[in-house]
Each structure stands twice: as structure tokens, then as C-alpha cells.
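Results of the structural survey
Chain residues, written in single-letter form:
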Amino acid sequence: MRDIGFDGSNQPTATAPCMQFLNCANLQIVGGEWRNTKRGIVSFNTCSNAIISNGYFHDSGTDFVSPNGVNQGDAIDVFNSSDITVAENKIDMIWQIAIFVFNDSIGGVSKDIVIRGNHCTNIQDNGIRCQPADPGFIGVQNVTIQDNYVDTVRIDAIRANGLQIRVYNNTILNALGSAVKTEGGKDIAIKDNNIRDCG
């Protein structure tokens, strides 16, 4: 799919991402502008061998508020999926997380994920987050976070939780929390990142 995009300006209040891919494989999403969504933008759920690249994602979650009063709306979610590449996207003004890799707590795994060359700015939660839901912190495995630009983040710029997470050569600026947080992670490698004005 190329240059499909989405404008949610007139979308009724929604409780799900505007585009969800479920149980799919061998998928490429290239380009397109995705904007003004009430909650999340794109979600991969139990997918494999997918690429999402060169898109522009902005202004998500502005109208969806959870019961505890928090705006919700990620740009790109990867859930219980494998062999996913998120590359060369521009992501701006996101109310929750720019790129979120996670799993369920009952045996699901997200693994073999590449997050490369994305430009993430003005994020109200974490910029890039790997977060296993299982007690052993192995539900997110083998993730490479490389050559991304993350600027102006309200919490942590990158959360590298999981097993075998690589954080290489990213530019990380102006995070109110940590530049890279690894609480709960195992076999984490962090090198050659340009970090300024964090924490």
C-alpha cells in the first residue's frame, strides 16, 4: 500500500486506532499522511514480515481521554508481532507514544523488530518504547533502535525494556525523563548515541 494516509478531523470519538492490521503477513505501507486521529494511528497486531516507512504521522490522541484523565494515542503500535520494520517516518505531536513495541501477558511475543531512521518530535509520553507485559521481561525480544532522531519528549526518550535490545547511534534531545531507560531489560546494548539536555 502506498500513500493511503488518513485524516480524522471529522472522525467520531474512537476507542481504537484508525488502522489496525490483524493476523497479516508480507505487508508494506509506504508514505502517506496520517493526522488528527482521536486515538491511535496504526497498529500491527499478531503480524509478521511488515514494513511501514516514509509516512508522516501527526496530531493523534487529542480528543480521546482515558478514565484516569490521560489523553491516549500512539502513532505506531507493534503488538505480538515479528519481523517488523518501522523506518524513515516523521512523527510529530503525539499525545502518547511515537513507536510502541509490546506484548500480552499470556505468552505473546514481539520479536525481530527494527526501528530505524525515524524523526520523532513533540511527544507527550515516551518517544520509542519497548515494554514487555510478562513478568520475565522476555515478551519483547531482539529489537534494534538505530539512527533515530528524538526531540522534545515529556517522559523518557527511549525505553529499552525486554531481551536483546540494541540502541545505537540515535540523536536524543530535550527529554524531561531519561534519554534511554532500561529498567527490566536484559542483554541491552547502548552505544554511539548523541544525547543532550535530558533528565
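So, a few notes on the structure that sits alongside this text. The shown structure was predicted, so the numbers you read here are calculated from the model rather than taken from an experiment.

So, on to the sheet that holds strand β13 (residues 119–123). Ordered by their spatial adjacency, eight strands build an open sheet running β1-β4-β7-β10-β13-β16-β19-β22, and the pairing between neighbours is parallel. Either end of the sheet is taken by a strand with one partner, and the two such strands are β1 (6–7) and β22 (194–196).

Here the focus is the side chain of Arg166. For Arg166, the position within the fold is in strand β18 (residues 163–168). At a separation of 2.8 Å, a polar atom in the side chain of Arg166 contacts the main-chain carbonyl oxygen of Asp187.

Moving on, we come to the pairing of strand β11 (residues 99–102). A two-sided burial pattern is seen for β11, the buried positions comprising Ile99 and Val101 on one face and Phe100 and Phe102 on the other. Sheet topology places strand β8 (residues 76–79) next to β11; four bridges connect them, and they run parallel. By the bridge assignment for β11, Asp77 is matched with Phe100. Sheet topology places β11 next to strand β14 (residues 128–131); four bridges connect them, and they run parallel. Looking at β14, one finds that Val101 is bridged to Cys130.

Topologically, Ser53 is positioned in strand β6 (residues 48–53). Accessibility expressed as a relative area gives 11% for Ser53, which makes it buried. A sequence separation of 36 residues divides Ser53 from Asn89, and the C-alpha atoms of the two residues are 5.5 Å apart. Beyond its immediate sequence surroundings of up to four residues, Ser53 is in contact with Ile29, Val30, Gly31, Ala87 and Asn89.

Ranked by internal contacts, the top residues of the largest apolar core, which has 42 residues, are Phe44, Phe57, Ile91 and Ile145. Ranked by residues supplied to this core, first place goes to strand β15 (residues 140–146) with three residues. Excluding residues that lie within four positions of it along the chain, Phe57 makes contacts with Trp34, Ile41, Val42, Ile52, Ala75, Ile76, Asn89, Lys90, Ile91, Asp92 and Ile94.

Quick look at the pattern of salt bridges now. If you walk through the whole model with that rule in mind, you get four salt bridges. For Arg166, the salt bridge is made with Asp187, and the minimal N-O distance between the two is 3.4 Å. One end of the pair, Arg166, is in strand β18; the other, Asp187, is in strand β21 (residues 186–191), and 21 residues separate them in sequence.

Here is what the cut-offs are and how they apply
Residues numbered from 1 in each chain as written. Predicted model: local features only at pLDDT ≥ 70, side-chain atom pairs only at ≥ 80, totals over all residues. Heavy atoms only, no water. Pairing = 2+ DSSP bridges. Helix = DSSP H or I, 4+ residues; strand = E, 2+ residues; numbered from the N terminus. Polar contact = N/O pair within 3.5 Å; in protein donor to acceptor, adjacent residues only side chain to side chain. Buried < 20%, exposed > 50% of the residue type's maximum accessible area, 1.4 Å probe, protein only. Contact = heavy atoms within 4.5 Å. Core = buried A, V, L, I, M, F, W, Y, C linked by side-chain atoms within 4.5 Å. Salt bridge = Lys/Arg side-chain N within 4 Å of Asp/Glu carboxyl O.

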